[in-house]
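# Examination of the molecular architecture
Each chain, written out:
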Amino acid sequence: MNVFTPSNSTIVPEPSPERVWQLATYLQKLDKPVKRDDLYKAMAMPEVYGENKGIFNDTLSVAKELDLVNEADGLISVSEELGKIRTKDDFRRYAARIVFQWEDSLFFRVTAFFCAHAEDMRKLESINDVVAYLGANGISIHDNVIKGWRLWAPFLGCGYLFGNVLIPNWQQRIADVLFSQQKWPKKQQIPFSEFITWLQHEAPETRDSIQGKQVGLGVSNGLRTLDELGVLKIVFTPDASQWQLVKTSGQNAVSYVQIMR
């Protein structure tokens, strides 16, 4: 069972990112290969909570899909990639980099569609409304798919849940790709067109949300939030090329950005 790769035709409602991270950190602390059944007993505690191998199997499958663990000869062990991950922030950045490279996957297509149609989708209050809207636009899925997608999309930085509504805000996703960038020094004034071209490469799910010089809602919200947090600075210069963020009561035109920290 795969969740993110193109070969998969659905997204299961479990496992959550927290379950996958819990499994990964347990193996890191154990620091030795473990039998699959022993790992199940340690993670699921069936003697306390009853047998539930389904969620465990799905969690392990996602950990393997993300190349966090290896399984050979009946033993589960830490992968080379997991050995480099120290914090949950590291895990999120790593998972996003892996997940969003599979552009033919259902997960990528739903996320990219959400980014491109955020102004309409943010108004949808129920999972059934989201399923119907996606279906009307050529993405036929089950409500369980959306339940699974809504676990991972916010974790990977593509918004946050407010009640039943996923608010489109790419603040965390943009911050995560900025974290490792070495293209520009801090406080350099970067032409916005250059920055957007870079962002569309580093976060390819944002591509369709940029139309001409108009930036979509999810990316607009993310940039404004990062500006408020002091991570980057949105700069408008009247005599320079102008791009437009989705309109609010604040600054909408932008010419440059500066990475502040």
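Our subject is the structure that appears above.
Since this is a predicted model, take the numbers as computed values, not measurements.

### Some details on the overall build of the chain
On a plain count of helices and strands, the chain comes out with 12 helices and 12 strands. Based on the C-alpha atoms only, the size of the chain along its principal axes is roughly 65 × 45 × 30 Å. Within the span of the chain, comprising 261 residues, buried residues form 49% of the whole. Intrachain contacts of the chain at a sequence separation of at least 6 include 60% that bridge at least 24 residues. Total accessible area on the chain is roughly 12,800 Å²; 47% of this is exposed by carbon and sulfur atoms. In the chain, the 29 positive side-chain charges and the 31 negative ones have mean positions that sit 4 Å from each other.

### Description of helix α2 (residues 36-44)
Those residues of α2 not exposed but buried are Leu39, Tyr40, Met43 and Ala44. The arc enclosing the buried residues of α2, seen along the axis, measures out at 105 degrees, which places them on a common side.

### Notes on helix α1 (residues 17-30)
With 14 residues, α1 should reach 20 Å at 1.5 Å per residue; the first-to-last C-alpha distance of 20 Å fits that figure. Within α1, the full set of buried residues consists of Pro17, Val20, Trp21, Leu23, Ala24, Thr25 and Leu27. In the segment just after α1, Asp31 is the residue with positive phi, at about 60 degrees.

### A few points about unusual backbone geometry
A negative phi angle is the norm for most residues apart from glycine, just as the trans form is the norm for most peptide bonds. If you check the backbone angles, Asp67 has positive phi at about 60 degrees while not being a glycine. Owing to a relative accessible area of 36%, Asp67 belongs among the partly exposed residues under this scheme. Of note in the backbone geometry, Lys187 takes a positive phi value of approximately 70 degrees without being a glycine. Relative to the assigned elements, Lys187 resides in the loop between α10 (171-179) and β6 (189-191).

### Examining the pattern of salt bridges
Pairs can form between side chains of opposite charge once their charged atoms are near each other. Taken as a whole and judged by the stated rule, the model has 12 salt bridges. Across the pair Asp89 and Arg92 runs a salt bridge whose closest N-O atoms are separated by 2.8 Å. Pair noted here: Asp89 and Arg92 are both in helix α5 (residues 88-99), with a separation of three residues, about one helical turn. Among the salt bridges present, the one from Arg207 reaches Glu103, with a minimum N-O distance of 2.5 Å. You can see Arg207 sitting in the loop between α11 (192-202) and β7 (210-211) and its partner Glu103 sitting in the loop between α5 and α6 (106-116), a full 104 residues away along the chain. Through salt bridges with shared partners, one network takes in Asp89, Asp90, Arg92, Arg93 and Asp176.

Basis of the calculations
- Residues numbered from 1 in each chain as written.
- Predicted model: local features only at pLDDT ≥ 70, side-chain atom pairs only at ≥ 80, totals over all residues.
- Heavy atoms only, no water.
- Helix = DSSP H or I, 4+ residues; strand = E, 2+ residues; numbered from the N terminus.
- Buried < 20%, exposed > 50% of the residue type's maximum accessible area, 1.4 Å probe, protein only.
- Contact = heavy atoms within 4.5 Å.
- Areas by Shrake-Rupley, 256 points an atom, 1.4 Å probe, with all protein chains shown as cover.
- Lys, Arg positive; Asp, Glu negative; His and termini not counted.
- Charge placed at Lys NZ, Arg CZ, Asp CG, Glu CD.
- Arc of directions from axis to C-beta.
- Expected span 1.5 Å × (residues − 1).
- Salt bridge = Lys/Arg side-chain N within 4 Å of Asp/Glu carboxyl O.

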